[in-house]
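Okay, here's what each chain looks like letter by letter:
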Amino acid sequence: MVVKAKKQSVKEQTAAERERSPAAPGRGRRARESRAQPQSSLNACRAGSLSALLRSRLGLGPAASFRLLTVFALAVTAGFLHWHHLFHLFENDRHFSHMSALEKEMAFRTEMVVLASWYRVYSSIMDFFRIPTKMCWSINRGEGLEPVESCEGLGDPAYFYITFVFLLNGVMMSLFYVYGAYLSGSRLGGAVTVLCFFFNHGESTRVMWTPPLRESFSYPFLVLQMLLLTYILRSRKPSRNAILALCVSNVVFMLPWQFAQFVLLTQVASLFVSYVLGYLSPDKMQTILTTHMVALGVCFVLMFGNSMLLTSFYASSLISIWGIIALRDRFRETFRAGLITWVMQCLAWVVTTVILKFMLAVVLGASDDAHISSLIKSKFTSYKDFDTMMYTCAAEFDFMEVETVLRYIKTLLLPVNVLLVSIIAGRTLKDVVSFLRHPSPAEPENDNGSDQSEKLVRGVMVYHSLQLLAFAVLAVLIMRLKLFLTPHMCLMASLLCSRQLFGWLGEKLKHQAAVLAILSIMAVQGVTNLQYQWGIMGEFSNLPQEELLEWIKENTPQSAVFAGAMPTMASVKLSTGRAIVNHPHYEDAGLRERTKLVYAMYSRKPVEVVKRNLISLQVDYFILEDSWCTRRSRPGCSMPEIWDVEDPQNAGKTPLCMMMSRETRPHFSTVFYNSVYKVLKVPKAARPSR
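Given the structure is predicted, the values throughout are model-derived calculations rather than measurements. (Residues numbered from 1 in each chain as written. Predicted model: local features only at pLDDT ≥ 70, side-chain atom pairs only at ≥ 80, totals over all residues. Heavy atoms only, no water.)

**A short note on the sheet that holds strand β6 (residues 669-673)**
Line of reasoning, step 1. Within the open sheet, the five strands sit side by side as β4-β3-β5-β7-β6. Their pairing is mixed. Each edge of the sheet is formed by a strand with only one pairing partner; in this case those strands are β4 (579-580) and β6.
Line of reasoning, step 2. With four bridges joining them, β6 and strand β7 (residues 677-681) adopt antiparallel strand pairing. Note that in β7 the partner of F672 across the bridge is V679. (Pairing = 2+ DSSP bridges. Helix = DSSP H or I, 4+ residues; strand = E, 2+ residues; numbered from the N terminus.)

Next up, the structure:
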């Protein structure tokens with residue numbers, strides 16, 4: 001049984017000045033932080049034995065073992081600092097340690113509840129051994145509100161959840177250090193990557209503000225996947241273990257997040273261009289393609305036959321590139337070797353990918369990703385529809401803001417990347433001109449000695465530059481996707497330490513001094529950015545929703561069915577266990593249709609039509625929110641205006657939500673209301689008389 005600390009009463013105070021009343025003296029959080037540190041002699045002994053193990057198992061000399069241990073230690077340090085940074089920001093923003101269980105659930109409004117099985121296993125084991133897993137306090141919220149119980153520790157579901165998310169993203173930072181060090185060939189390069197990430201933290205991730213996002217689980221595995229891919233690209237003959245690890249990381253990256261397939265599409269496209277330019281051999285390219293195909297098939301099975309994967313541009317692109325490589329000799333015979341062959345291969349890739357995608361969609365009858373095609377279309381044309389505007393009216397799906405570019409410039413991240421890409425592009429252009437003048441069928445893996453090694457390294461740099469450009473395009477079109485661009489820019493910044501690029505600076509010490517000088521300039525704005533983040537202080541409070549959820553639990557049957565705004569429905573499902581007809585998983589075509597029927601309450605349609613829709617969905621209660629009726633992120637983006645695009649025949653009429661906020665009878669009856677929410681009871685359909 002989970003052991004809870006005894007609660008004590010606390011003094012009255014305001015919500016903004018809550019203080020914790022510990023269950024027993026000396027058992028608070030600060031007391032827990034003062035733990036005895038391991039003795040230095042024990043650490044030295046362990047380090048010595050680890051060094052000996054590395055020498056015996058990996059065949060590394062003392063110097064190489066020391067370098068590897070240093071990289072490992074610095075990577076762990078970077079991961080710990082990031083984990084602590086995330087926890088600190090999240091606690092400052094939400095005052096999470098003082099929130100009740102219901103408030104914690106309300107804070108998790110969208111995508112989540114993935115770790116439930118792990119939590120149950122953990123709780124069962126701890127209960128069996130009677131090990132305390134959490135400590136609870138009574139929190140006086142002031143303002144005439146009842147005190148609530150707030151708990152810390154892994155025995156609390158919300159704490160278990162955020163601890164795992166932040167630990168995963170701490171490991172991600174460790175991977176970034178290793179990645180930067182490996183890409184640049186310098187331990188200082190890993191430090192540059194980590195420091196750039198911290199200096200641009202607000203542009204790199206959202207996990208500290210909203211942990212329950214699918215990207216919080218998915219993105220760390222993309223970092224691992226790209227690190228493994230870099231290793232494979234640098235290897236003349238990559239091992240089976242490396243290929244298997246790449247396949248597994250692909251699967252784990254794709255499973256949690258619907259955008260993963262588009263990121264992998266850009267990766268495959270970047271690799272294909274590297275292949276066309278001669279930096280990647282056909283055999284290695286086909287090996288990578290096979291790995292992607294196997295991973296895609298595994299994901300299709302694990303996602304219960306999600307046809308969206310098979311009908312994606314990503315899947316079609318894999319097949320298309322495979323065919324082009326298989327027919328490479330035909331291309332050489334048909335077209336003159338050189339620029340024309342390159343252009344025709346790229347053209348064939350684009351055309352066949354598009355044709356295959358739409359053919360598969362027709363054959364499999366899948367339309368789950370139709371909204372993505374419409375979203376892309378809307379970025380380049382004036383096309384609009386309901387689903388598209390649901391995305392584009394949200395700031396995170398709009399074009400990248402100019403302010404974001406200015407922030408990149410202030411930390412020197414953009415100027416440094418422009419410099420690096422320009423140098424790499426210049427060297428690539430020389431290689432291309434040399435090839436066009438003296439065509440040769442030689443491939444990177446067939447060269448000998450230092451030429452082969454140097455060409456593989458250049459190929460890795462070309463791939464990362466192309467990937468950077470692809471991420472830049474995604475981020476400019478959809479601001480939310482800058483979470484791919486910014487970290488990759490930080491990674492590319494590690495190449496400041498590359499001797500292949502900057503060996504002309506002279507001796508290594510002079511080179512490192514130049515890098516440190518650039519870092520010191522970056523730190524001027526970077527430290528200011530960190531201080532701004534550390535200065536953010538807030539507190540989560542949503543009393544209207546708390547009242548709503550408590551009313552639902554106490555006054556509605558367990559079988560009741562609810563409809564309303566997608567974020568609110570997620571909270572209703574999580575906190576009350578009631579059935580809902582729509583939720584934030586907007587990638588499913590059927591769910592989009594149901595959400596559209598529900599959101600008709602915010603249109604100008606006749607009330608009879610909306611009522612009939614809700615009855616057809618077997619909805620018992622509709623949760624009406626006035627803010628959804630009046631909120632307008634920019635002109636044309638209020639819900640009634642979005643519906644005007646979809647339903648022009650009713651444009652100009654009074655929105656139904658406004659009429660319902662004043663009077664719901666005779667069509668619905670109001671059973672609950674407060675300052676934000678109004679619950680409408682939907683009448684049952686009349687049964688036919690016998």
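**Side note on a positive patch on the surface**
Line of reasoning, step 1. Together, R67, R187, R499 and K508 line one region of the surface with positive charge.
Line of reasoning, step 2. On the secondary structure map, R499 appears in helix α23 (residues 499-502). (Patch = residues over 30% accessible without salt bridge, like charges linked within 9 Å, V, L, I, M, F, W, Y side chains within 5 Å. Areas by Shrake-Rupley, 256 points an atom, 1.4 Å probe, with all protein chains shown as cover. Salt bridge = Lys/Arg side-chain N within 4 Å of Asp/Glu carboxyl O. Lys, Arg positive; Asp, Glu negative; His and termini not counted. Charge placed at Lys NZ, Arg CZ, Asp CG, Glu CD.)

**Overview of the state of the cysteines**
Line of reasoning, step 1. Evaluation of the coordinates by the stated rule reveals three disulfides.
Line of reasoning, step 2. Disulfide partner of C136: C151, at an S-S distance of 2.0 Å. Disulfide C136 to C151: torsion about the S-S bond roughly 100°, handedness right-handed. With C136 in strand β1 (residues 135-139) and C151 in strand β2 (residues 148-152), this residue pair connects regions lying 15 residues apart in the sequence. Of the two residues examined, C136 and C151, each falls in the buried class.
Line of reasoning, step 3. Cysteine pairing for the protein (bonded cysteines numbered in sequence order): 1-2, 3-5, 4-6.
Line of reasoning, step 4. The cysteine C196 is free of any disulfide, with C490 supplying the nearest cysteine sulfur at 5.2 Å. (Disulfide = S-S within 2.5 Å. Buried < 20%, exposed > 50% of the residue type's maximum accessible area, 1.4 Å probe, protein only.)

**A few points about the packing of aromatic side chains**
Line of reasoning, step 1. Enumeration over the complete set of coordinates arrives at 34 aromatic pairs.
Line of reasoning, step 2. Each ring, one from Y119 and one from F160, has its centre 5.5 Å from the other, and the planes form 70°; the classification is edge-to-face. One end of the pair, Y119, is in helix α5 (residues 116-128); the other, F160, is in helix α6 (residues 157-184), and 41 residues separate them in sequence.
Line of reasoning, step 3. Seen in terms of ring centroids, Y602 and W628 are 6.4 Å apart; in terms of plane orientation they differ by 40°. Their pairing is tilted. Note that Y602 is positioned in the loop between α27 (589-598) and α28 (607-616) and W628 in helix α29 (residues 626-630), a separation of 26 residues in sequence.
Line of reasoning, step 4. Note on Y602: relative accessible area 0%, which makes it buried.
Line of reasoning, step 5. Its relative accessible area of 13% is what places W628 among the buried residues.
Line of reasoning, step 6. An aromatic cluster is built from F176, F197, Y219, W257, F259, F262, Y391, F397, F471 and F484, whose rings are joined through pairwise contacts.
Line of reasoning, step 7. Here K357 stacks its cationic end above the ring of F358, 5.7 Å away from the centre of that ring.
Line of reasoning, step 8. Sitting over the ring of W628, R631 keeps its end group 4.7 Å from the ring centre. (Phe/Tyr/Trp six-rings, centres within 6.5 Å; stacked < 30°, edge-to-face > 60°. Lys NZ or Arg CZ within 6 Å of the ring centre and 35° of its normal.)

**Observations regarding helix α17 (residues 370-380)**
Line of reasoning, step 1. Where α17 is concerned, the buried positions are H371, I372, S374, L375, S378 and K379. In an axial view of α17, the angular spread of the buried residues amounts to 160°, which keeps them on one side of the axis. (Arc of directions from axis to C-beta.)

**Quick word on the packing of helix α11 (residues 260-276) against helix α12 (residues 282-302)**
Line of reasoning, step 1. Interhelical geometry of α11 versus α12 gives an angle of 170° and a closest axis separation of 10 Å. With respect to their mutual orientation, α11 and α12 come out roughly antiparallel. Facing L264, Q267, V268, L271, F272 and Y275 of α11, the residues of α12 in contact are P282, M285, I288, L289 and H292.
Line of reasoning, step 2. Looking at side-chain class alone, the contact of α11 with α12 contains nine nonpolar, two polar and no charged residues. (Axes fitted to C-alpha atoms, helices over the stretch in contact; angles between N-to-C directions. Parallel < 35°, antiparallel > 145°, perpendicular 65-115°, else oblique. Contact = heavy atoms within 4.5 Å. Nonpolar A, V, L, I, M, F, W, Y, C, P; charged D, E, K, R; others polar.)

**With respect to the nonpolar core**
Line of reasoning, step 1. Grouped together as the largest cluster of nonpolar side chains are 140 residues, with contacts concentrated most on M285, F484, Y599, M601, Y602, F622 and M639.
Line of reasoning, step 2. It is α11 that provides the largest number of residues to this core, a total of eleven residues.
Line of reasoning, step 3. Setting aside its immediate chain neighbours within four residues, Y602 contacts F622, I623, L624, E625, W628, C629, M639, P640, W643 and C657. (Core = buried A, V, L, I, M, F, W, Y, C linked by side-chain atoms within 4.5 Å.)

**Focus on the pattern of salt bridges**
Line of reasoning, step 1. Per the stated rule, a full pass over the model turns up 17 salt bridges.
Line of reasoning, step 2. For K482, the salt bridge identified is with E203, shortest N-O distance 2.6 Å. Of the two residues, K482 is situated in helix α22 (residues 482-493) and E203 in helix α8 (residues 201-204); the sequence distance between them amounts to 279 residues.
Line of reasoning, step 3. Residue K596 is joined to E646 by a salt bridge in which the shortest nitrogen-to-oxygen separation is 2.5 Å. Residue K596 is found in helix α27, and its partner E646 is found in helix α30 (residues 639-646); the two are separated by 50 residues along the sequence.
Line of reasoning, step 4. Through salt bridges that share partners, E203, R407 and K482 make up one connected network.

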